[in-house]
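Tertiary structure, described
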Amino acid sequence: MQHKIAPLFILLAAILWGTTGTMQALAPDAAHPVAIGATRLAVGGFFLLCMVLVFGNLNLKNWPLKATLGASLCMALYQPLFFSAVSITGVAIGTVVAIGSAPILSGLIEWLFFKNRPAKVWWYSTILSIAGCLMLFSNKESVYVDPVGILMALGAGLSFAGYTMISRDLVKSHSSLSVVAIVFTLSAIYLSPFLWIYDMSWIASGRGIGVSLQLGIMATGIAYFLFSRGLTQVSSSTAVTLSLAEPLTAALLGVVIIGEHLSAISWIGIAFLILGIGILVTSSKLSSE
């Protein structure tokens, strides 16, 4: 039964991640994207640490230090790499390359280094989902490809794939809540210098507080806890493909809340995304590989 519920945990996590763009749009004008990312990890890490202390299931005995440092470093790198890629090469290309490359890189790493060849259903759903992602962002802006921005976007995709693969090993032997609490606390510490570099006066406003709490608690703390729970029963390559529900959610929220307009091609892309993700959710091959 657990392996049937696990992909739903990951989908719910991706839906919560999809609120990030809308929250960023609603943040005060003075809030820099990198500062928002650092604040997100700081609030999320503190929330998770409080949760694990309240429930009392933090056991550091025989804790895998190297794996934890690797996962926290991947998550910390993802934030500035992604935001920098979007800043340099644009929202459309930066988002598509970063999010679209993650499942491909995850599947290749599993195949090459762990000899775990993804099932055919994964290839079908991933190709459909990435094609849908490309079509979805086709209406965002004129295409501007910057080599540096592309490299940073690929770095962001690799960082997320690396975090997913390392975390999957961690949650096999430790509680999901303990794993995300320690990983995100360390990631927040890594990015804490950004809180001093950028203007943080916006966080004292009512809107700034609301955005910070939503991003930190819902889109980070609870979302990554659900993601980690799902990883206990779902392969890392499948989990990363399911996370493509994030841009799907972001696009729909943009239409409903921000008032954005989507072209016919973008709506076809949404259909492809839903179809690709649906194939994975309903497939019998979602169990741990």
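Thresholds, definitions, all that
- Per chain, residue numbering runs from 1 following the sequence as it is written.
- In keeping with the model being predicted, local features are shown solely for residues with a pLDDT of at least 70 and side-chain atom pairs are shown and tallied solely at 80 or more, while totals for entire chains, interfaces and linings include all residues.
- Values reported for side chains reflect all heavy atoms of the structure, with hydrogen atoms and water molecules removed beforehand.
- UniProt positions are given in the numbering used here, feature names are shortened, and annotations may be inferred rather than shown by experiment.
- What counts as a helix is a DSSP run of H or I of at least four residues, what counts as a strand is a run of E of at least two, and both are numbered from the N terminus.
- Values of the radius of gyration come from C-alpha atoms, whereas the globule rule sets the reference at 2.2 Å times the count of residues to the power 0.38.
- Think of it in three bands: with a 1.4 Å probe and only protein chains considered, a residue is buried below 20% of the maximum accessible area for its type, exposed above 50%, and partly exposed in between.
- In this analysis, two residues are considered to be in contact whenever any of their non-hydrogen atoms come within 4.5 Å of each other.
- Here the accessible surface of atoms and residues is derived via Shrake-Rupley with a 1.4 Å probe, and residues count as covered only by protein chains that are part of the display.
- His is not counted, nor are the chain ends; Lys and Arg add positive charge and Asp and Glu add negative charge.
- Every charge is mapped onto a representative atom, which is NZ of Lys, CZ of Arg, CG of Asp or CD of Glu.
- Under the pairing criterion, centres of Phe, Tyr and Trp rings, with the six-membered ring standing for Trp, must be within 6.5 Å; the plane angle then separates stacked pairs below 30 degrees from edge-to-face pairs above 60, leaving the rest tilted.
- What makes a salt bridge here is a side-chain nitrogen of Lys or Arg within 4 Å of a carboxyl oxygen of Asp or Glu, nothing more.
- Only the contacting stretch of a helix is used when fitting its axis, a line to C-alpha atoms as for every element, and angles between N-to-C directions run 0 to 180 degrees.
- Roughly parallel means an angle under 35 degrees; roughly antiparallel, over 145; roughly perpendicular, 65 to 115; everything else is oblique.
- By convention the crossing between two helices is left-handed if the near helix lies anticlockwise of the far one by an angle smaller than a right angle, and right-handed if it lies clockwise.
- Residues are grouped as follows: Ala, Val, Leu, Ile, Met, Phe, Trp, Tyr, Cys and Pro are nonpolar; Asp, Glu, Lys and Arg are charged; every other residue, Gly included, is polar.
- A helix is expected to span 1.5 Å for every residue after the first.

For the protein chain, the name recorded in an unreviewed UniProt entry is EamA family transporter, with Gracilibacillus salinarum as its organism. Comment text from UniProt for the protein chain, heading Sequence similarities (unreviewed entry), reads "Belongs to the EamA transporter family." Taken directly from UniProt, the Subcellular location (unreviewed entry) text for the protein chain runs: "Endomembrane system".

Details of the overall build of the protein chain
For the protein chain, the count of helices and strands is 13 helices and 0 strands. Against the 2.2 N^0.38 benchmark of 19 Å for 289 residues, the protein chain shows a C-alpha radius of gyration of 18 Å, consistent with a compact globule. Counting across all 289 residues of the protein chain, residues that qualify as buried make up 51%. Across the protein chain, contacts joining residues at least 24 apart in sequence account for 90% of those joining residues at least 6 apart. Total accessible area on the protein chain stands at roughly 12,900 Å², and carbon and sulfur atoms take up 72% of it. Taken as two groups, the 13 positive and 9 negative side-chain charges of the protein chain have centres that lie 17 Å from each other.

Topic: the packing of aromatic side chains
Taken as a whole and assessed by the stated rule, the structure comprises 13 aromatic pairs. Relative to W123, the ring of W111 has its centre 6.1 Å away and its plane inclined at 70°; by these criteria the two rings are edge-to-face. A residue pair is termed long-range when its members are at least 10 positions apart, and W111 in helix α5 (residues 91-114) and W123 in helix α6 (residues 120-136) qualify at 12 residues. The exposure class of W111 is partly exposed, given its relative accessible area of 33%. Ring geometry for Y163 versus Y224: centroids 5.6 Å apart, planes at 85°, classification edge-to-face.

Comments concerning the pattern of salt bridges
Applying the stated criterion across every chain yields a total of 1 salt bridge. Across the pair D169 and K172 runs a salt bridge, and its minimum N-O distance is 4.0 Å. Of this pair, D169 and K172 are both found in helix α7 (residues 147-173), 3 residues apart, which corresponds to roughly one turn of the helix.

Some words on the environment of P64
Along the chain, the position of P64 falls in the loop between α3 (33-55) and α4 (65-89). Take P64: its relative accessible area is 27%, and that puts it in the partly exposed class. As for P64 and L136, which are separated by 72 residues in sequence, their C-alpha atoms are 40 Å apart. Here P64 is in contact with L170 and H174, once residues within four sequence places are set aside.

Examining the packing of α4 against helix α8 (residues 176-191)
Where α4 meets α8, the axes come as close as 8 Å, and the angle between the chain directions of the two elements is 50°. Comparing their axes, α8 and α4 come out oblique. Between α4 and α8 lies a crossing of right-handed hand. Side by side, α4 and α8 meet where T68, L69, A71, S72, L73, M75, A76, Q79 and P80 of the first sit next to I182, V183, F184, L186, S187, Y190 and L191 of the second. Split into classes, the residues belonging to the contact of α4 with α8 amount to 12 nonpolar, 4 polar and no charged.

Describing the side chain of S72
Position of S72 relative to the elements: it lies in helix α4. Ignoring anything within four residues of it in the chain, the contact list for S72 reads V183, L186, S187 and Y190.

So, α4
Between its first and last C-alpha, α4 extends 36 Å over 25 residues, near the 36 Å set by a 1.5 Å rise per residue. Looking one or two residues beyond α4, the residue adopting positive phi is G90, at roughly 100°.

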